[in-house]
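Observations on chain architecture
Spelled out, the chains give:
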Amino acid sequence: MRTRHLLTLLSLLALVVTGCSSAGAADPAGRGVQPDADVLSGVVEDDAIAALLPADVRAAGVVKFGTSVGGQPPSSFYAEDNRTLLGQDVDLAEAVGKVLGLRIDREVAAFEVILPALGSGKYQVGTGNFGVTEARKKTIDFVTYINDGQGFAVRADDTRLTKVENLSQLCGLKIGTGAGTTFEATLEKEKHICPDAGKPAYEVLSFAENAAVYLGLQQRHIDVVMSTINGLRHAAANQPNLRFLNEFKRLDVGFAFQKGSPLAPAFQAAVNKLVQDGTYLRILEKWGTKDSAIPESLISPPEHA
């Protein structure tokens, strides 16, 4: 099954996903998301931190972002006008831009094309809940801003799984996930474990759009969803017939840069400024992700075991 086979039904799920994201987003019970809260008006430029920028970037006053947009909170999503971007990643990027005295020139792109586009110079920074992994660090530098990671969800009426502690529990099932993600990489890398144990292999179904993953689950073309911990928790709190199973692996998430980018130290200092003055925590509280806060931003730390 591929995404195109579900396109005729995407509008149905859009009513579920975006409808719950807007109505549920304003509902404090829906993971505490408050999209209208003002958390950025007090952020001002810090000259000492801005001085860490390369001279040409500071003179231009703008930085080019490639941004992946999901279908719902908390990371990034479209408002009801289908044009305005909202979300935790958006607010954090804007706050960092304010500290650095930079305007964010944002281009929306598919998740799987952003990291390669950093290497080509098309974008200077990438956002899209990019997890820090040793494989990615070979070509990408990260400035961390949150601790999220990998989790699983199923239909609420599906009782086959209660918790996924080992991927061998998925043998014979169909797992839906995002194309180009750490979830897809993890599933593909360990795909041998079921045949090695004499069990039927699980099937990995990768999609460019989150909406297609959730639709596939509700239409029973998919048995399990593997995605971000925070995203799945929010979805389970706001979508009907969806149950969050458990965290599988934590990962630091960060702004992504071409390896060796001189922008990284300035972005790290800006994030740490936001941590110290309380803006960082206010942004996370706005999007219901306070339990994923990090104590300080690091540049390309080791991947969590």
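Placed above this text is the structure.
A separate point is the overall build of the chain. Scanning the chain from terminus to terminus reveals twelve helices and ten strands. A burial count over the chain gives 54% of its 305 residues as buried. The contacts of the chain with a sequence gap of at least 6 include a subset with a gap of at least 24, amounting to 77%. Accessible surface computed for the chain: about 12900 Å², of which carbon and sulfur atoms make up 52%.

Below, the discussion takes up the pattern of salt bridges. Between side chains of opposite charge, a pair can form as their charged atoms come close. Within this structure, the stated rule accounts for 21 salt bridges. Between Asp105 and Lys64 there is a salt bridge, with its nearest N and O atoms 3.7 Å apart. Within this pair, whereas Asp105 is found in strand β4 (residues 103-108), its partner Lys64 is found in strand β1 (residues 62-67), the two being separated by 41 residues in sequence. The closest approach of N and O atoms between Asp157 and Arg220, which form a salt bridge, is 3.0 Å. Linking Asp157 in the loop between β6 (140-154) and β7 (174-178) with Arg220 in the loop between α9 (210-218) and β9 (224-228), this pair joins segments that are 63 residues apart in sequence.

Here the focus is the packing of helix α4 (residues 88-100) against helix α11 (residues 264-277). The interhelical angle for the contact between α4 and α11, taken along N-to-C directions, is 105°, at an axis separation of 9 Å. Taken together, the axes of α4 and α11 are roughly perpendicular relative to one another. Mapping the contact onto sequence places Ala95, Val96, Val99 and Leu100 in α4 and Ala266, Phe267, Ala270, Val271, Lys273 and Leu274 in α11. Across the contact of α4 with α11, the residue classes tally to nine nonpolar, no polar and one charged.

What follows deals with the side chain of Thr182. Within the fold, Thr182 resides in helix α7 (residues 182-189). Using a relative accessible area of 11% as the deciding quantity, one classes Thr182 as buried. In this structure Thr182 touches Gly131, Thr133, Arg136, Gln150 and Leu251, once residues within four positions along its chain are discounted.

Before going further, it helps to spend a moment on the environment of Ile114. With respect to the helices, strands and loops of the structure, Ile114 is situated in helix α5 (residues 111-120). On a C-alpha basis, the gap between Ile114 and Val125 in space is 8.9 Å, while along the polypeptide they are eleven residues apart. The contact partners of Ile114, leaving out residues within four places of it in the chain, are Gly66, Thr67, Ser68, Ala109, Tyr123, Gly126, Thr127 and Phe130.

Its identity is not glycine, yet Asn129 carries a phi of approximately 60°, on the positive side. With respect to the helices and strands, Asn129 occurs in the loop between β5 (125-127) and α6 (134-137).

Tracing the sequence through the fold places Asp46 in the loop between α1 (10-25) and α2 (47-50). A distance of 3.1 Å separates a polar atom in the side chain of Asp46 from the backbone nitrogen of Ala48. For Asp46, the residues in contact, after removing those within four places along its chain, are Val99 and Lys273.

What follows deals with α11. Given a rise of 1.5 Å per residue, 14 residues ought to cover 20 Å, and the 20 Å separating the end C-alpha atoms of α11 matches this to within 8%. Listed as buried for α11 are Ala264, Ala266, Phe267, Ala270, Val271, Asn272 and Leu274. Where α11 ends, the next residue or the one after it, Gly278, has phi of about 90°, a positive value.

Okay, the packing of aromatic side chains next. Taken as a whole and judged by the stated rule, the model has eight aromatic pairs. Here Phe255 and Phe267 contribute two aromatic rings whose centre-to-centre distance is 5.6 Å and whose plane-to-plane angle is 70°, an arrangement assigned as edge-to-face. With Phe255 in strand β10 (residues 243-258) and Phe267 in helix α11, the pair connects residues that are twelve residues apart, well separated along the chain. With respect to class, Phe255 is no different from Phe267; both count as buried. Taken together, the ring pairs in this structure connect Phe65, Tyr145, Phe255, Phe257 and Phe267 into an aromatic cluster.

What counts, and at which threshold
Numbering of residues starts from 1 in every chain and runs along the sequence as written. The predicted nature of this model means local features are confined to residues of pLDDT at least 70 and side-chain atom pairs, given and counted, to a pLDDT of 80 or more, with totals for whole chains, interfaces and linings taken over all residues. As a rule here, side-chain values come from all non-hydrogen atoms in the structure, and water together with hydrogens is ignored. A helix here means a DSSP run of H or I that spans at least four residues, while a strand means a run of E at least two residues long, and both kinds are numbered starting from the N terminus. For the exposure calls, accessible area comes from a 1.4 Å probe over protein chains only, and a residue counts as buried if that area is under 20% of its type's maximum, exposed if over 50%, partly exposed in between. Here, residues are in contact when the closest pair of their heavy atoms is within 4.5 Å. Under the convention used here, a 1.4 Å probe and the Shrake-Rupley method define accessible areas, while residue burial counts only the protein chains that appear. Throughout this description, the term salt bridge denotes a Lys or Arg side-chain nitrogen within 4 Å of a carboxyl oxygen of Asp or Glu. To get an axis, a line is fitted to the C-alpha atoms, and for a helix only the part in contact is used. The angle between two axes follows their N-to-C directions and goes from 0 to 180 degrees. These descriptions rest on fixed angle ranges, namely under 35 degrees for roughly parallel, over 145 for roughly antiparallel, 65 to 115 for roughly perpendicular, and the rest for oblique. The classification used treats Ala, Val, Leu, Ile, Met, Phe, Trp, Tyr, Cys and Pro as nonpolar, Asp, Glu, Lys and Arg as charged, and all other residues, Gly among them, as polar. The definition of a polar contact used here is a pair of N or O atoms within 3.5 Å, where within protein one atom must be able to donate a hydrogen and the other to accept one, and adjacent residues in sequence count solely through side-chain atom pairs. Any helix carries an expected span of 1.5 Å times its number of residues minus one. Note on aromatic pairs: the rings of Phe, Tyr and Trp (six-membered ring only in Trp) are paired at centre separations within 6.5 Å, and the planes decide the class, stacked below 30 degrees, edge-to-face beyond 60, tilted for the rest.

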